[in-house]
Amino acid sequence: MKKITIKTTLIFLVLIIGVVAYFAYLSTKSRDRDQEADMRAVQLVLSRDLENNYPPTVKEVMKYYTDIQKCLYAEECADEEIEQLGMKARALYDDELLAANDVTVHLLQLKSEITSFQEDSKKITAVSVASSANVDTFTEDGYEFARIHCMYTILADGQSSLVDMVYLLRRGEDRRWKIYGWDLAQNVNPGE
């Protein structure tokens, strides 16, 4: 009777160790898959060739821009990736916005903002770009402009908050929509 009890105990012990080892393996595999997915998001955004595949509409420009922001403000990025993402964002900027923002200063400010965002335990969890039907277009000084809302969900200290931003885009001579500027929706008058 004692030998059966010892054998049964050993069999259960081996089974328990096997089950724990299997779950540890699955947990590690899942974590690796999540890290690969994060890297794929950053790499996917960086892989877009804006010379040959520039977003054709105001909404598509903003969707790509917010994808860049989600990578910057929701993912862990190396300094090199931050610079590359910053340069992708700059490729969406209007010439006047680029002229007002020196590339070196802009990238330093971007890194500083991201560090501050992380230190405050903030993270962009979702972005909603207004539908194409809600794009407000107008002409001024011979240029075509478009105004579009983007709603950001930001998680900070376990609390979600919404930030409504209004982006102004200007169509260039090459017919591409470029980001001309932005502000909080509460600071923008509808008629402006």
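The structure this text deals with has already been given above.
The rules behind each value
Residues numbered from 1 in each chain as written. Predicted model: local features only at pLDDT ≥ 70, side-chain atom pairs only at ≥ 80, totals over all residues. Heavy atoms only, no water. Helix = DSSP H or I, 4+ residues; strand = E, 2+ residues; numbered from the N terminus. Buried < 20%, exposed > 50% of the residue type's maximum accessible area, 1.4 Å probe, protein only. Contact = heavy atoms within 4.5 Å. Areas by Shrake-Rupley, 256 points an atom, 1.4 Å probe, with all protein chains shown as cover. Salt bridge = Lys/Arg side-chain N within 4 Å of Asp/Glu carboxyl O. 1 Å grid on protein atoms, 1.4 Å probe; cavity = no way out; pocket = protein on both sides within 12 Å on 5 of 7 lines; lining within 4 Å. Points joined across faces, edges and corners; volume = space filled by probe spheres on them.

(A) Local environment of the overall build of the protein. For the protein, the count of helices and strands is 5 helices and 5 strands. The order of α-helices and β-strands along the protein, N terminus first, is α-α-α-α-α-β-β-β-β-β. Scored against the burial criterion, the 192 residues of the protein give a buried share of 31%. Contacts in the protein between residues at least 24 apart in sequence constitute 56% of all its contacts with a sequence separation of at least 6. Just so you have it, the protein exposes about 12500 Å², and 54% of that area is on carbon and sulfur atoms.

(B) Spatial organisation of the pattern of salt bridges. This structure, assessed with the given rule, holds 8 salt bridges. Here Glu60 ties to Lys63 by a salt bridge, and the two come within 3.9 Å at their closest N and O atoms. A residue pair is termed a helical-turn pair when its members lie 3 or 4 positions apart in one helix, as Glu60 and Lys63 do in helix 2 (residues 58–74) at 3 residues. Two residues, Lys111 and Glu83, come together in a salt bridge whose shortest N-O distance is 2.6 Å. In this pair, Lys111 is assigned in helix 5 (residues 103–119) and Glu83 in helix 3 (residues 79–90), connecting sequence segments 28 residues apart. Exposure remark for Glu83: the relative accessible area of 35% places this residue in the partly exposed category. Residues joined by salt bridges that share partners form a network here, namely Asp94, Glu96 and Arg170.

(C) A look at the layout of surface pockets. Here the largest pocket is characterised by a volume of approximately 530 Å³. Of all the secondary structure elements, the ones that give two or more residues to the lining of the largest pocket are helix 2, helix 3, helix 5, strand 3 (143–156) and strand 4 (159–171).

(D) Fine view of the side chain of Arg171. As for its position among the elements, Arg171 is in strand 4. Excluding residues within four positions of it along the chain, Arg171 makes contact with Tyr143, Glu144, Arg176 and Trp177.

(E) Spotlight on unusual backbone geometry. Although it is not a glycine, Ser121 sits at a positive phi angle of roughly 55°. Looking at the element boundaries, Ser121 is found in the loop between helix 5 and strand 1 (122–129).

(F) How the structure looks around the environment of Lys111. Note: C-alpha distance between Lys111 and Gly86 (25 residues apart in sequence) is 9.2 Å. In this structure, Lys111 is in contact with Asp79, Ile82 and Glu83, ignoring residues within four places of it in sequence.

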